Amino acid sequence: MSNSLGVGIAGLGTVGGGFLKQLKSFKAKSNSESNIKIVQIAVKNKRKKRNFSIRSLPLISNAMELASNEEIDIIIELIGGSSGIAYKLVKKALSNKKHVITANKALIATHGNELATIAEKNKVCLNYEAAIAGGVPIVKAVRENLRFNKISKIYGILNGTCNYILTKMSRDKRDFKDVLKDAQNKGFAELDPTFDIQGIDAGHKISILSSLAFNIKVDFKGTYIEGISKIDASDFIFAKELGYSIKLLAIAAINGSQVEQRVHPCFVKQDSDISKVDNELNAIVVNDNVIGSNIFEGPGAGAGPTGASVMSDLMDILRGTYILPLGSSIDKKKKSKIKKITEQKFPYYLRILAKDQSGVMASITKVLSSYKVSIESIIQKPSHKKSYAEIILIIHRIKESTLLLALKKIKGLKTVSSSVKLIRIEDSL
Ligand code: HSE
């Protein structure tokens, strides 16, 4: 490392604080202070309470200044959000031939193709290790190594907030809202937790991984997304009794030219590896036809893990490592052909609230059988609702569109309440 590089930082929250701490310890250890110079740091609010001192830092308030400052070679974007200032800044910086490091998954998922095109044309880096699974080096692993092994499936737990909520609800029988508050206090939920809870955050991340793994363009809009807010305490009890856990999984798979990109709650076998990944941890499994299966597990958020990933992206630039932003040239990437969720086949968990009276079970199974839905197991439990029962079914693999037709008929039965729940079972883990 001989060249001195000027760095500009936009945003100084959890990730920025973690990065500055890492940088300090790196400089102390390596004695190479002259190589990295923090030229400017743009912050929205200089008075904001932070758990580190900002007194000696070169603060400015207009982030866009970074993109035209000639002393700056690398911009670290830590503002967040798919549009607005983060997008403008990154686009301008790349156009001005500055390298960019970002932790912004929403930005890469939404504008990744456009930004990668500019970076590629100007031969500058666009690195985003901190954007996916925090401290887990999954971008590097897929973008630089594993994709050459013909990846067939990449899946896992990509949202720590949801994993934490599901773990606590399952173990401590705690209420959704109460556990969410806990996750926010611990600092891994987004400021606006809607993106976590609704599966959007995991959707951003899997859309990017899918592009890297299958050499296709990033297609966030094509990703099927469903969050965790409809899962309640009883689902955990029934899942356990049937030998399953409930996890929010993000899954991308390829079969011929058809791609699956989906995020939704899944029943997973209690003895599967993914079922054992608890609390706020993230885990990603990569299946390829050379190595077989690789599992990456670690903290997906927080100052240390994300700061370390930003640091490693910076080290790559300092070393002169140039990797195309989306792994290969954007011109060589095909447009994805994403298979609709309704065209896919899964086994399912169904939970039907119905009148507790004779003939009800028979009328439900009659509808199912008329759509050739085959039942693997069935249990009935008393409901909290007076004179109603919960009917729990595990059904064999069937096309989702067919199941939805059957459920529509079932919901129309006089003895069935409109509350019919469906959770897909991921049995190929
Ligand atoms: N909010 C995210 C999560 C962390 O809960 O996993 C940052 O991507």
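One can find the structure itself at the top, above this paragraph.
Here the structure is a predicted model, which is why all the values come from computation and not from measurement.

**Q** Before we go on, may I ask you to explain the site of the ligand in this structure?
**A** In the vicinity of the ligand, the contacting residues are K105, L158, N159, G160, T161, F188, E190, D196, D201, K205 and A301. Taking N159, its side chain carries an N or O atom lying 3.5 Å from an oxygen atom of the ligand. Measuring from an oxygen atom of the ligand, one finds a backbone N or O atom of G160 at 2.6 Å. When the ligand is considered free in solution it has 260 Å² of accessible area, and contact with the protein chains removes 93% of it. Of all the elements in the fold, those that place two or more residues in the shell around the ligand are α6 (160–172) and α9 (200–214).

**Q** Would you mind showing me how to read the pairing of strand β10 (residues 258–269) here?
**A** Burial analysis of β10 places nine of its 12 residues in the buried class, which makes it a mostly covered element. Where strand β8 (residues 224–225) lies against β10, two bridges are found, and the strand directions are parallel. Bridge pairing in β10 links I225 to V263. The pairing of strand β9 (residues 244–255) with β10 spans 12 bridges and is antiparallel. Within β10, the position partnered with S245 by the bridge is V268.

**Q** Hey, could you run me through the layout of surface pockets in this one?
**A** Regions of empty space are outlined by a rolling probe, equal in size to a water molecule, passed over the atoms. Of the volumes computed, that of the second largest pocket is approximately 420 Å³. Residue lining of the second largest pocket: 20 residues in total, with E226, K230, V420, K421 and L422 positioned closest to the centre. Sorting the residues of the lining of the second largest pocket by element identifies α13 (400–411) and β17 (416–425) as the ones contributing at least two each. Here the lining of the second largest pocket is built from residues that sort into 10 nonpolar, three polar and seven charged.

**Q** Is there a simple way to think about the packing of α6 against helix α7 (residues 176–186) in this case?
**A** Each pair of packed helices can be described by the angle between their axes along with the distance between the axes. As a packed pair, α6 and α7 sit with axes 9 Å apart at the nearest point and diverge in direction by 135°. In terms of their interaxial angle, α6 and α7 are classed as oblique. The way α6 lies across α7 gives a crossing that is right-handed. From α6, T161, Y164, I165, K168 and M169 reach across to α7, where they touch F176, V179, L180, D182, A183 and K186. A per-class count over the contact of α6 with α7 returns seven nonpolar, one polar and three charged.

About the cut-offs
Residues numbered from 1 in each chain as written. Predicted model: local features only at pLDDT ≥ 70, side-chain atom pairs only at ≥ 80, totals over all residues. Heavy atoms only, no water. Near = heavy atom within 4 Å. Polar contact = N/O pair within 3.5 Å; in protein donor to acceptor, adjacent residues only side chain to side chain. Areas by Shrake-Rupley, 256 points an atom, 1.4 Å probe, with all protein chains shown as cover. Helix = DSSP H or I, 4+ residues; strand = E, 2+ residues; numbered from the N terminus. Buried < 20%, exposed > 50% of the residue type's maximum accessible area, 1.4 Å probe, protein only. Pairing = 2+ DSSP bridges. 1 Å grid on protein atoms, 1.4 Å probe; cavity = no way out; pocket = protein on both sides within 12 Å on 5 of 7 lines; lining within 4 Å. Points joined across faces, edges and corners; volume = space filled by probe spheres on them. Nonpolar A, V, L, I, M, F, W, Y, C, P; charged D, E, K, R; others polar. Axes fitted to C-alpha atoms, helices over the stretch in contact; angles between N-to-C directions. Parallel < 35°, antiparallel > 145°, perpendicular 65-115°, else oblique. Left-handed = near helix turned anticlockwise from the far one by under 90°. Contact = heavy atoms within 4.5 Å.

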